[in-house]
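Observations on the three-dimensional arrangement
Chain by chain, the residues run as shown.
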Amino acid sequence: MRAARIFDDLSLRVDEAPAPAPGPGEVLVRIQAAGVCGTDLHILDGMIKPDPYPMTIGHEAAGVVEAAGEGAALSPGDRVAVYNKIFCGWCEQCLAGRPNVCDREFRQLGFNTDGGDAEYVAVPERNLVPVPEPVDFATAAVLTCAGMTAVHATKLSGLRLGATAVVNGIGGVGILVVQAARAAGARVIAVADSAEKRDLALSHGAADGVIIAEGQDYATLPAAVRELTAGRGADVFFELVGTTETMTAGVRCLAKGGTFVATGYTDQPLNVHPIEFILSETSLVSTVAATRQDLEDALRMAASGAMTVPIAGRYPLDGVQGALDALRKRAVLGRQILDLG
Ligand SMILES: [Zn+2]
Ligand SMILES: [Zn+2]
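Residues numbered from 1 in each chain as written. Chains lettered and ligands numbered in written order. Predicted model: local features only at pLDDT ≥ 70, side-chain atom pairs only at ≥ 80, totals over all residues. Heavy atoms only, no water.

Okay, the coordination of the zinc ion (ligand 2) next. The protein atoms that coordinate the zinc ion (ligand 2) are C88 (SG), C91 (SG), C94 (SG) and C102 (SG), at distances spanning 2.3 to 2.5 Å. For the zinc ion (ligand 2), the 4 donor atoms in the first shell make angles of 105 to 116 degrees at the metal, so the coordination geometry reads as tetrahedral. We note that the donor set of the zinc ion (ligand 2) lies within a single chain, spaced as C-x2-C-x2-C-x7-C. The same class applies to C91 as to C94, namely buried. (Donors = N, O, S within 2.8 Å, 3.2 Å for Na, K, Ca; no water. Tetrahedral: all angles 85-135°; square planar, octahedral: opposite > 155°, others 65-115°. Buried < 20%, exposed > 50% of the residue type's maximum accessible area, 1.4 Å probe, protein only.)

Attention now moves to the coordination of the zinc ion (ligand 1). Surrounding the zinc ion (ligand 1) are the protein donor atoms C37 (SG), H59 (NE2), E60 (OE) and C145 (SG), which sit 1.9 to 2.5 Å from the metal. Around the zinc ion (ligand 1) sit 4 donor atoms; with metal-centred angles ranging over 88 to 130 degrees, the donor geometry is tetrahedral. Considered as a linear motif, the donors of the zinc ion (ligand 1) on their single chain read C-x21-H-E-x84-C. Here the two residues H59 and E60 agree in accessibility, since each one is buried.

What follows covers the pattern of salt bridges. All chains considered together, the criterion is met by 17 salt bridges. D199 is paired through a salt bridge with R198; the nearest N and O atoms lie 3.2 Å apart. Residue classification places R198 among the partly exposed positions, given a relative accessible area of 26%. Beyond isolated ion pairs, a larger network of salt bridges with shared partners links K155, R292, D294, E296, D297 and R300. (Salt bridge = Lys/Arg side-chain N within 4 Å of Asp/Glu carboxyl O.)

What follows covers the sheet that holds strand β9 (residues 164-168). Across the sheet, which stays open at both edges, the 6 strands sit in the order β11-β10-β9-β12-β13-β14 with parallel pairing between neighbours. The open sheet has two edge strands with one neighbour each: β11 (208-211) and β14 (283-287). The sheet shows a mean angle of 20 degrees between the axes of neighbouring strands, direction not considered. For strand β10 (residues 187-192) and β11, the ladder comprises 4 bridges, and the chain directions are parallel. Within β11, the residue paired with A190 across the bridge is G209. Each of β9, β10, β11, β12 (234-239) and β13 (254-263) is contacted by helix α6 (residues 221-228), which is oriented at about 160 degrees to β11, the strand it contacts most. Against the sheet, helix α7 (residues 244-252) touches β9, β12 and β13, its axis set at about 150 degrees to β13. (Pairing = 2+ DSSP bridges. Helix = DSSP H or I, 4+ residues; strand = E, 2+ residues; numbered from the N terminus. Axes fitted to C-alpha atoms, helices over the stretch in contact; angles between N-to-C directions. Contact = heavy atoms within 4.5 Å.)

A cluster of nonpolar side chains, namely M47, V101, Y265 and V288, defines an oily patch on the protein surface of about 300 Å² accessible area. Positionally, M47 belongs in the loop between α1 (38-44) and β4 (55-56). Here M47 falls in the partly exposed class, since its relative accessible area comes to 37%. (Patch = residues over 30% accessible without salt bridge, like charges linked within 9 Å, V, L, I, M, F, W, Y side chains within 5 Å. Areas by Shrake-Rupley, 256 points an atom, 1.4 Å probe, with all protein chains shown as cover.)

Before going further, it helps to examine the environment of P99. Tracing the backbone through its elements, the reader meets P99 in the loop between α2 (92-95) and β7 (120-124). Sequence separation of P99 and T246 is 147 residues, and the distance between their C-alpha atoms is 29 Å. Residues contacting P99, with those up to four places away along its chain left out, are Y83, K85, F87, Q93, C94, T291 and R292.

Here is the structure:
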């Protein structure tokens, strides 16, 4: 089969690779669409290391069941989204509904084991979630990372009806956090680095937008947020950029009793004195990816029209490098996908 693989010299090549053979309890999926995510850049840069190289990249995939083993509930032809975190299903965390932090399984598709930027992928059947009919494969693929992450972060944020949420970073995840927070009953303020991204957020449910242009100081953000909230600040600040500067500004945007939600990977430290949290009884919540349930919920939201994924571009599998280059330039409005159907 054709696959986009990363090698130990960090080169990315689209070439022939052995098709996966599904083991016991596994299902072979023929990929129809795969999302191109900012996290893929961390793998290209060597910050996240596959074990072993070479590895098929891609952790956002949807397709149809090609072959299912004996006793499987799914049948060939079923439309499925691939939950990318492999989980054991019976450790304390899995049984508590947190397969994303499973104690016994550390494999994650496209992070450290073969992923979905390929014609086929083999996964445990419990990693597959049926895709409801009105949801297309491109949308389903993006929901397996960005969408479920947005749902998870919104649930853990404890957003209440009538609260104000700030979403900092209108990328592939941020535009979906805007919609999830809105659906949870919040008034949403989007913080974007361009007028195009701000307008995208406004057209997807944000009530207000603040632009922090390149070179502008994030230290101006807390005052801007207070101006939009009658001096009160934000009940929840979703941080999706992840620099020390943006995280510090985020904590300072909070209303008393507010919650700072750290989502996504960063290599920079959070450098805030605890007294800034203590005196206003604010909280820090962190989230990593999402649960299988969050993926089901994201798909249901998409089916009902409560969550739409702006598709920024469609590429063939051979165009994956071009899609990643555009992402690195931060020149993408919404999410790019690889069309394998
Ligand atoms: Zn992703
Ligand atoms: Zn487990």
